[in-house]
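# Understanding the architecture of this molecule
Next come the chains, spelled out residue by residue.
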Amino acid sequence: MAVPVAFFALFFAYPVTAIVGRGLKAEGAWQFGRIGEVLSRPDILDVLWFTTWQALASTALTLLIALPGAYVFARFDFPGKQVLRAVVTVPFVLPTVVVGTAFLALLGRGGLLDELWGVRLDTTVWAILLAHVFFNYAVVVRTVGGLWSQLDPRQEEAARVLGAGRFAAFRRVTLPALAPAVAAAALMVFLFTFTSFGVVQILGGPAYSTLEVEIYRQTAQLLDLPTAAVLTLVQFAAVGGILAVHAATVRRRERALKLVDPAQTSRRPRGAGQWALLGGVLLTALLLILLPLGVLVERSFDGPEGYGFGYYEALQSVGAGGSSTFLVPPLEAVGNSLRYALVATLIALVIGGLAAAALTRRAGRLVRGFDALLMLPLGVSAVTVGFGFLITLDKPPLDLRTSWILVPLAQALVGVPFVVRTMLPVLRAVDDRLREAAAVLGASPLRAWREVDLPLVRRAVLVAAGFAFAVSLGEFGATVFIARPDNPTLPVAVARLLGRSGELNYGQAMALSTILMLVCAVSLLLLERIRTDRSGEF
C-alpha cells in the first residue's frame, strides 16, 4: 500500500488541496463563508440545476434505449454477436472530445441533418443527451447484460407455468434479480454524465454549463479561484455520495444471486417478436453508434475541392491556411499521445497492480479506506487536478511544469481505478493454497508471485493495460492545462482546432478525431481478443 498511497498523496491530494486552499483562504485564514456566497448566486444555482437534471435525463434515456440491447446480448445467439459487442463498446473508450466532434459533424452547422433537412441540434440540450446516450450505451449493455446472461431462465419459465403472463413473470422474477445491476449501471451513467466536460464544452455552447465546465471557465478564463474551489468541493461531495451508493449496490449484487453458465441461457431468436427486437437493437446500434462515427469519418475526407486526403495532409504542416493554432504540425499530436499514453499505462499498471494486491486482504478499515482512496480521481474535477499540478509542482525537488512526465502522471491518475477494478476480482480468485504450497517448497514471496499469481492474472493485466491505455489516450480535463503548446495531445489538439473558425481548422479537427477514434477502436478490439469472462466485464 505504501507506493500507491505515496503516489496519490503527492500527485492527487497535494494539488487538489492546494487549489482548494488558495480559493478558500485569505490572509492565512479559511473563509468558509465563501461557500454560502457562491452557492447563493443565481448563475451558480443554474449550473447546479442543469448539471443535475441533464444527468438524470441522460441516465433515464440511456436505460430506456440500452436495456433492450442488454437483453439481446444476454439471451440471443446470432452471427456477428462478438463483433457487435465490440462495436457498441467503442464509444465507452472514446475520448469525450471525439464524441462531441462526431455529434457536431452529425447535428451541427453543415452537419448531416443540416444538409438533408436544414435542422441543427448543436447548442441544444438534445445534442448533449444523445451524445451521453452514445457514450454510456455500453455501460448498461455490459453491466446489466453480463448479469442477465447468467440468470437461470428456468425461474421465469416456472412462473409462466404457474400462470403468470410474460410481463408479470419478468416483473416479479427477473426484474428483482436484475435491479441491483440496473441500479449500479444507472449510478455509473449518472456519474459520467454528472461530471461531463468535453461533450458539453463542444455541443452545449455558452448556453449550457455543467459543474466541470463551469470549474474550467472560472479557473482558466475568469481566474476566479474561490468560485472554482467551492464548485470543486460540491462536485467532490456529490460524486462521493454516488460512489458510496454504487459500492453498496455492487456488494449487494455480488452476494444476492446464484448464477449459471452464460452458454446455457443463449439461443437463437424465436418468433416474429424476438426477431423484431433483435432488428430494433441492430437499428439502434446503426443510428446511435455507427452513424455518428461514420459521419465523422466522412467529414474528415470531404474537403473544399471534393473528397480526398486534404485535411490529413494539412495536419503535417504548421500554419496551414494561415492558421497559427499550433507551434508544431498537428500530426505530431498523434506521436505525443501514444508516447504519453504508453508511459501512463505503465505507471497505472505498477500503481494499480500494487493497490489490487493490497486489496486482496478483505478485512480492516484501513484497506476499505484505501479502496475508497483509489476511486477519488473519479470524484474530483480533472480540471482542478490539472490546474493544481501547475501551481504545486513548480518548485524543487518537484519542479515538473516544463517536464514531459507531467502529462502521463495526470493520465495515470484516471487509469489506476480501471486497473484496480479489472485485476482485483482475478487476484481474489487465486487460491491461497497455491501460494502456500509454493512457500512450503522454498519459493520466496517474489518468486511465488512470479510463478503462481502472474500466470493466472496475465490476461487480466493485458485487459487492464488496454483500458488504461484507452483512458489515458483520451484524457482531456487535466491535460488541457498541462500539455505544452509544442507537445499537444490528440484531445487537446482537437479542442484547439474546434475553437478556431475556418473550414480548414474544422476539417483538421475531424481528421484528428478520426485518427484518435481508430487508435481507441484498435485498442478495444485487441482487448476483446484477450479478455476472459472473469476479467473482461466492467
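Heads up: these notes are all about the structure in this document.

So, how was this worked out
- Residues numbered from 1 in each chain as written.
- Predicted model: local features only at pLDDT ≥ 70, side-chain atom pairs only at ≥ 80, totals over all residues.
- Heavy atoms only, no water.
- Helix = DSSP H or I, 4+ residues; strand = E, 2+ residues; numbered from the N terminus.
- Rg over C-alpha atoms; globule rule 2.2 N^0.38 Å.
- Buried < 20%, exposed > 50% of the residue type's maximum accessible area, 1.4 Å probe, protein only.
- Areas by Shrake-Rupley, 256 points an atom, 1.4 Å probe, with all protein chains shown as cover.
- Lys, Arg positive; Asp, Glu negative; His and termini not counted.
- Charge placed at Lys NZ, Arg CZ, Asp CG, Glu CD.
- 1 Å grid on protein atoms, 1.4 Å probe; cavity = no way out; pocket = protein on both sides within 12 Å on 5 of 7 lines; lining within 4 Å.
- Points joined across faces, edges and corners; volume = space filled by probe spheres on them.
- Nonpolar A, V, L, I, M, F, W, Y, C, P; charged D, E, K, R; others polar.
- Core = buried A, V, L, I, M, F, W, Y, C linked by side-chain atoms within 4.5 Å.
- Contact = heavy atoms within 4.5 Å.
- Expected span 1.5 Å × (residues − 1).
- Bend = angle between axes of the 7 residues up to and from the residue.
- Axes fitted to C-alpha atoms, helices over the stretch in contact; angles between N-to-C directions.
- Parallel < 35°, antiparallel > 145°, perpendicular 65-115°, else oblique.
- Left-handed = near helix turned anticlockwise from the far one by under 90°.
- Salt bridge = Lys/Arg side-chain N within 4 Å of Asp/Glu carboxyl O.
- Phe/Tyr/Trp six-rings, centres within 6.5 Å; stacked < 30°, edge-to-face > 60°.

## Let's talk about the overall build of the chain
Within the chain, the regular secondary structure consists of 23 helices and six strands. In terms of overall dimensions, the chain is globule-like: its C-alpha atoms have a radius of gyration of 24 Å, near the 24 Å expected for 538 residues. Viewed in the frame of its principal axes, the chain has a C-alpha envelope of about 70 × 65 × 50 Å. Taking all 538 residues of the chain together, 51% fall into the buried category. Total accessible area on the chain stands at roughly 24100 Å², and carbon and sulfur atoms take up 63% of it. Charged side chains of the chain number 46 positive and 35 negative; the gap between the two group centres comes to 10 Å.

## With respect to unusual backbone geometry
Most peptide bonds take the trans form, and the phi angle of most residues other than glycine is negative. The phi dihedral of Thr 123 is positive, around 60°, even though this residue is not glycine. You can see Thr 123 is positioned in the loop between α6 (112–117) and α7 (125–148). The class for Thr 123 is partly exposed, based on a relative accessible area of 41%. Within the chain, Leu 223 stands out as a residue other than glycine whose phi angle is a positive 55°. Taking relative accessible area as the criterion, Leu 223 reaches 63% and is therefore assigned exposed.

## A closer look at empty space enclosed by the protein
Summed over all chains, the structure comprises three cavities of 30 Å³ or more. Put simply, the largest cavity is a space of about 790 Å³. Forming the walls of the largest cavity are 36 residues, and the residues nearest its centre are Thr 96, Phe 135, Phe 192, Thr 195 and Val 414. A class-by-class count of the residues in the lining of the largest cavity yields 23 nonpolar, 11 polar and two charged.

## Structural notes on the nonpolar core
Within the largest apolar cluster, 167 residues are counted, with the highest numbers of intra-cluster contacts made by Phe 7, Leu 94, Phe 389 and Leu 512. If you tally residues by element for this core, the top one is α7, at 16 residues. Once you skip the residues sitting within four places of it in the chain, Leu 512 turns out to touch Leu 315, Pro 330, Val 334, Leu 490, Ala 493, Val 494 and Leu 497.

## Structural notes on the environment of Val 20
Here Val 20 shows up in helix α1 (residues 2–24). Sequence-wise, Val 20 and Thr 232 are 212 residues apart; in three dimensions their C-alpha atoms are separated by 7.6 Å.

## Comments concerning helix α20 (residues 445–474)
Along an α-helix, residues three or four apart share an orientation, since each turn contains 3.6 residues. Taking 1.5 Å of rise per residue, 30 residues should cover 44 Å, yet α20 covers just 37 Å from first to last C-alpha, more than 12% shy of that figure. Remark: the principal bend of α20, roughly 55°, maps to Leu 454, with a proline, Pro 455, within the next four residues.

## Concerning the environment of Thr 402
Within the secondary structure layout, Thr 402 lies in the loop between β6 (398–399) and α18 (406–429). You can call Thr 402 exposed: its relative accessible area is 61%. Remark: the alpha-carbon pair of Thr 402 and Ala 483, spanning 81 residues in sequence, is separated by 9.5 Å.

## Description of the packing of helix α19 (residues 432–440) against α20
In the contact formed by α19 and α20, the axes pass within 9 Å of each other and the chain directions differ by 155°. In terms of their interaxial angle, α19 and α20 are classed as roughly antiparallel. Judged by the twist between their axes, the crossing of α19 over α20 is right-handed. Contacts between α19 and α20 involve Leu 434, Arg 435 and Ala 438 from the former and Ala 448, Val 452, Asp 453 and Leu 456 from the latter. Across the contact of α19 with α20, the residue classes break down as five nonpolar, no polar and two charged.

## Observations regarding the pattern of salt bridges
A full pass over the atoms with the stated rule returns seven salt bridges. In this structure, the salt-bridge partner of Arg 41 is Asp 43, at a minimum N-O distance of 3.0 Å. Here Arg 299 makes a salt bridge to Glu 115, at a shortest N to O gap of 3.4 Å. One end of the pair, Arg 299, is in helix α13 (residues 271–301); the other, Glu 115, is in helix α6, with 184 residues separating them in the sequence. Given the relative accessible area of 7%, Arg 299 is considered buried. Exposure remark for Glu 115: the relative accessible area of 52% places this residue in the exposed category. Salt bridges sharing common partners tie together Glu 115, Glu 298 and Arg 299.

## A word on the packing of aromatic side chains
Under the counting rule described, the total for this entry stands at 20 aromatic pairs. For the ring pair Phe 7 and Phe 8, a centre distance of 5.9 Å and an interplane angle of 75° mean the geometry is edge-to-face. Among the residues examined, Phe 8 registers a relative accessible area of 1% and is labelled buried. Aromatic side chains Phe 11 and Phe 389 sit 6.5 Å apart centroid to centroid with 55° between the ring planes, which places their arrangement in the tilted category. Residue Phe 11 is found in helix α1, and its partner Phe 389 is found in helix α17 (residues 382–392); the two are separated by 378 residues along the sequence.

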